[in-house]
Amino acid sequence: MAGGPGGTGGGVESQSLLWAVVLSAFAAFGGILFGYDTGTIGGVIAMEDWLKTFGRFDPTHPELGINGFYLATNDKSLVVSILSAGTFFGALLAFPMGDMVGRKWGIVASCVVFSLGVGLQLDTKWATFVVGRVIAGFGVGLVSCLVPMYQSECAPKSIRGLIVGLYQLAITIGALLAAIVLNATKNQASHSAWRTPIAVQFAWAAVLGGGMMLLPESPRYLLLKGRQQEARKSLGRLMTRPHDSPEVESECLEISTALEVENKTGSGSYADCFRNTENRNGFRTWTGILLQGWQQLTGINFIFYYGTTFFIQAGIKNPFIITIIADVVNTVMTIFGIQLIDRVGRRRLLMIGAIGMCVCEFIVAIVGVTVGHPNADQSVNLPAQKVLIAFVCFYIAFFATSWGPVAWVLTGEIFPLGIRAKGMSLSVASNWLWNFGIGYATPYLVNQTTTGVNGVKAANLGVKVFFIWGGTCVGCFIFTYFFIPETRGLSLEQIDLLYRESSTGLNQFNFPPVVGSEQYRRHILADNETFIGNLKAE
């Protein structure tokens, strides 16, 4: 398909960069919901009052919990991972919510659902607490899909990676805030020790839901629905130009043209997501699904779900403080990493991150297995513990600068408009499905086997589980090399051209598939190639 100049190829570019950043970045506050909850549950299940309320009592195994109170392996798996079951279905339903209600109002409705789940978790009945986790997860699942979608469709292309990466930064800030609140309430001898950290989540939902009411709807969604005049007004707000200006008109025409070309090869159904038509929908959908799965298989949520418990079992004193340190590293390095997305590039960052995480995880596993475990008298090898903590932090740093933010950026930009809501919902659902599986299986992999009436068999891998995560990071590198193209600096419509021209086989410029995407990306930018230009050239 011939390329050529035409239109602007500029994407949503604003005269006021600050206004564009504020508009698009505010939605990233949705990451607080995900990150805070992820960080909260790991600390809550280690609190004495929570264990007395929901756990079991066995004075013969004091090492399992606190003062004889402990949470059985199967209950721990359930309460931690059940949120991900809700998020899985929430992510799948983000398509009808995002395409029928809209990106903006879909996020607002998700906050209401999330708040209901938070309220139920304040109860002292096990069943109610678990149901609350599911409903809160449903809301988080909707938000986790709709927020990157909204950001990708509204952000200027030159800083789209930075802005969508702010969603991951919000996740890390949420986890850090959770660690701080947990450390402040952990010694309270009442239900407020765990109720306070949970109830704080009402504030995050109120800020996100209330703020989104003031922001414009995604112009690409409005054009998808044929609401031309509303789309122009929304674009005008995002670009800080009059809605009838030539710049707004040109951008509307480029988006509409791309949508028209896409509609010629499919109806936008779920089946179209998996058809390898000229749009390469099947390739793009599987890329999104597998990308989100590999992000979870890096093992990062092992630290944030079970880090407190893991550090206790490793003989580390004051594990809550170590968890805060890990969260600070995650937040600071994410701030650093999101600035690299539009400078270094998506593809290169993912490969660097995979290699770095792999090395760190194997070092943690080897040190832990050889000299890092507590001795029979419960004494520890202090230098080994320092090495273990240091390389866990290095591992988190590599994740935070690569697979953390970049996976969300790519998921929000690789799909064509007609199937974007469906493709993103399937991809994010993959994230939560793996999140659930890893969250549920980890206690069985790591914990010791318990005996007695309530005994549960477990693999007792302990720190050896990092051998598994190191191996999966090798898979992350291979996947990136063969599946992830470089999209830095391209508008969403130009990314469509990138996939159409260079995803499979050699194209007219003799660029190889995916591996050579950087060359074709440069060609698109150099020639300012657009859909309008393609149609004129034909």
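Along each chain, residues carry numbers from 1 onward, in the same order as the chain's sequence is written. For a predicted model such as this one, the threshold for reporting local features is a pLDDT of at least 70, and the threshold for listing and counting side-chain atom pairs is 80 or more; totals across whole chains, interfaces and linings nevertheless cover every residue. Only hydrogens and water are removed before side-chain values are computed, so all heavy atoms of the structure are retained for them.

Description of the side chain of Gln168
Tracing the sequence through the fold places Gln168 in helix H8 (residues 160–185). In the analysis that follows, any N or O atom pair within 3.5 Å is treated as a polar contact, provided that within protein one partner can donate a hydrogen and the other can accept it, and provided that, for residues neighboring in sequence, both atoms belong to side chains. Looking at Gln168, its side chain comes within polar contact range of the side chain of Trp408, at 3.3 Å. Beyond its immediate stretch of four places on either side in the chain, Gln168 contacts Gln295, Thr334, Phe399, Gly404, Pro405 and Trp408. Put simply, DSSP marks the helices as runs of H or I at least four residues long and the strands as runs of E at least two long, and each gets a number from the N terminus on. Whether two residues touch is decided by their heavy atoms; if any such pair falls within 4.5 Å, the residues are in contact.

Topic: empty space enclosed by the protein
Only protein atoms enter the 1 Å grid used here, on which a cavity is any set of points holding a 1.4 Å probe that cannot leave and a pocket is any open set flanked by protein within 12 Å on both sides along at least five of seven lines; residues with an atom within 4 Å of a point are listed as lining. Grid points are joined across faces, edges and corners, and a volume is the space filled by probe spheres set on the points. Enumeration according to the criterion identifies eight cavities of 30 Å³ or more in this entry. In this structure, the largest cavity spans a volume of roughly 170 Å³. Of all the elements in the fold, those that place two or more residues in the lining of the largest cavity are helix H2 (30–44), H8, helix H15 (281–297) and helix H16 (300–313).

Digging into the pattern of salt bridges
For this analysis, a salt bridge means a side-chain nitrogen from Lys or Arg found within 4 Å of a carboxyl oxygen belonging to Asp or Glu. Per the stated rule, a full pass over the model turns up 13 salt bridges. Notably, a salt bridge pairs Glu251 with Arg220, separated by 3.7 Å at the nearest N-O pair. Of the two residues, Glu251 is situated in helix H13 (residues 246–263) and Arg220 in helix H11 (residues 219–224); the sequence distance between them amounts to 31 residues. Here's how the labels work: a residue is buried when its accessible area is under 20% of the maximum for its type, exposed when over 50%, partly exposed in between, all with a 1.4 Å probe on protein chains only. In this structure Arg220 comes out as buried when scored by relative accessible area, which is 2%. Ionic pairing is found between Arg275 and Asp272, a salt bridge with its closest N-O pair at 2.4 Å. The exposure class of Arg275 is partly exposed, given its relative accessible area of 42%. Residue class for Asp272 comes out buried when judged on its relative accessible area of 3%. Via salt bridges that share partners, Asp99, Arg103, Glu153 and Arg420 belong to a single interconnected network.

Some points on the environment of Ala421
Tracing the chain through its elements places Ala421 in helix H22 (residues 420–446). For the pair Ala421 and Ala91, spaced 330 residues apart in sequence, the C-alpha to C-alpha distance is 10.0 Å. Leaving out residues up to four positions away in the same chain, Ala421 has contacts with Phe95, Asp99, Arg103 and Met149.

Quick notes on the packing of aromatic side chains
Aromatic rings from Phe, Tyr and Trp, with only the six-membered ring used for Trp, were paired whenever their centres fell within 6.5 Å, and each pair was classed as stacked if the ring planes differed by under 30 degrees, edge-to-face if by over 60, and tilted otherwise. Applying the stated criterion across every chain yields a total of 21 aromatic pairs. With centroids separated by 4.5 Å and ring planes inclined at 65°, the aromatic side chains of Phe34 and Trp432 adopt a geometry described as edge-to-face. Of this pair, Phe34 sits in helix H2 while Trp432 is found in helix H22, placing the two residues 398 residues apart along the sequence. Here the aromatic rings of Tyr36 and Trp204 are separated by 5.8 Å at their centres, their planes lie at 65°, and the arrangement is edge-to-face. Taken as a pair, Tyr36 in helix H2 and Trp204 in helix H10 (residues 201–212) lie far apart in primary sequence, 168 residues in all. For the pair Tyr36 and Trp204, one class covers both residues: buried.

A short note on the side chain of Gln296
Checked against the element boundaries, Gln296 lands in helix H15. The contacts of Gln296, once residues within four sequence positions are left out, are Asn301, Asn431, Trp434, Asn435 and Ile438.

Topic: the packing of H15 against H22
Each pair of packed helices can be summarised by the angle the axes make with each other and by the distance between the axes. Packing of H15 against H22 leaves a shortest axis separation of 8 Å and a crossing angle of 30°. By the angle class used here, H15 and H22 are roughly parallel. For the element pair H15 and H22, the recorded crossing hand is right-handed. Within the contact between the two elements, H15 uses Thr285, Gly288, Ile289, Gln292, Gly293, Gln295, Gln296 and Leu297 and H22 uses Leu426, Ser427, Val428, Ser430, Asn431, Trp434, Asn435 and Ile438. By residue class, the composition of the contact of H15 with H22 is six nonpolar, ten polar and no charged. Axis definition: a line fitted to C-alpha atoms, over the contacting stretch in the case of helices. Angles run 0 to 180 degrees between N-to-C directions. Note on angle classes: values under 35 degrees are labelled roughly parallel, values over 145 roughly antiparallel, values of 65 to 115 roughly perpendicular, and the remainder oblique. Note on convention: near helix rotated counterclockwise from far helix by under a right angle means a left-handed crossing. Clockwise means right-handed. Only Asp, Glu, Lys and Arg are considered charged in this grouping, and only Ala, Val, Leu, Ile, Met, Phe, Trp, Tyr, Cys and Pro are considered nonpolar; every other residue, Gly among them, is considered polar.

Structural notes on the nonpolar core
Judged by nonpolar contacts, the single largest core of 119 residues is most densely connected at Trp50, Trp403 and Phe466. Per-element accounting of this core gives the leading share, eleven residues, to helix H7 (residues 126–154). In plain words, nonpolar cores are sets of buried Ala, Val, Leu, Ile, Met, Phe, Trp, Tyr and Cys residues tied together by side-chain atoms within 4.5 Å. Met239, Val248, Cys252 and Ile255 belong to the second largest nonpolar core, which has eleven residues in total.

Section: the packing of helix H4 (residues 73–92) against H7
At a minimum axis distance of 6 Å, the contact between H4 and H7 shows a crossing angle of 35°. In this structure, H4 crosses over H7, and the sense of that crossing is right-handed. Contact residues: Asp75, Leu78, Val79, Val80, Ile82, Leu83, Gly86, Thr87, Phe89, Gly90 and Ala91 in H4; Trp126, Phe129, Val130, Arg133, Val134, Ala136, Gly137, Phe138, Val140, Gly141 and Leu142 in H7. Partitioned by chemical class, the residues of the contact of H4 with H7 number 15 nonpolar, five polar and two charged.

Some remarks on the confidence of the model for the protein
Summary of the metric used: pLDDT quantifies the predictor's per-residue confidence within the range 0 to 100. Averaged over all residues, the pLDDT of the protein equals 80, while 81% of them reach at least 70. No element of the protein has a lower mean pLDDT than helix H26 (residues 531–537), at 53, and none a higher one than helix H6 (residues 103–120), at 94. This model gives residues 1–10 a pLDDT under 50, and the stretch forms 42 contacts once residues within four places in sequence are excluded. Low pLDDT (under 50) marks residues 503–512, which in the prediction has 27 contacts with non-local residues, meaning those over four places away or in another chain.

Describing H22
Across its 27 residues, H22 extends 38 Å between first and last C-alpha, which sits within 8% of the 39 Å expected from 1.5 Å per residue. Take the seven residues that end at a residue and the seven that start at it, fit an axis to each, and the angle between those axes is the bend at that residue. The axis of H22 is deflected most strongly, by about 25°, at Tyr440, and proline Pro443 appears within four residues downstream. By the criterion of burial, H22 is predominantly enclosed, with 19 of the 27 residues buried. To estimate how far a helix should extend, the number of its residues minus one is multiplied by 1.5 Å.

A look at the environment of Lys125
With respect to the secondary-structure elements, Lys125 resides in the loop between H6 and H7. C-alpha of Lys125 to C-alpha of Thr53: the two residues are 72 residues apart in sequence and 8.3 Å apart in space.

Brief notes about the environment of Ser84
The residue Ser84 is located in helix H4 in this model. Separated by 52 residues in the primary sequence, Ser84 and Ala136 have C-alpha atoms spaced 9.6 Å apart. Here the side chain of Ser84 touches Asn435 through a polar contact of 2.6 Å, side chain to side chain.

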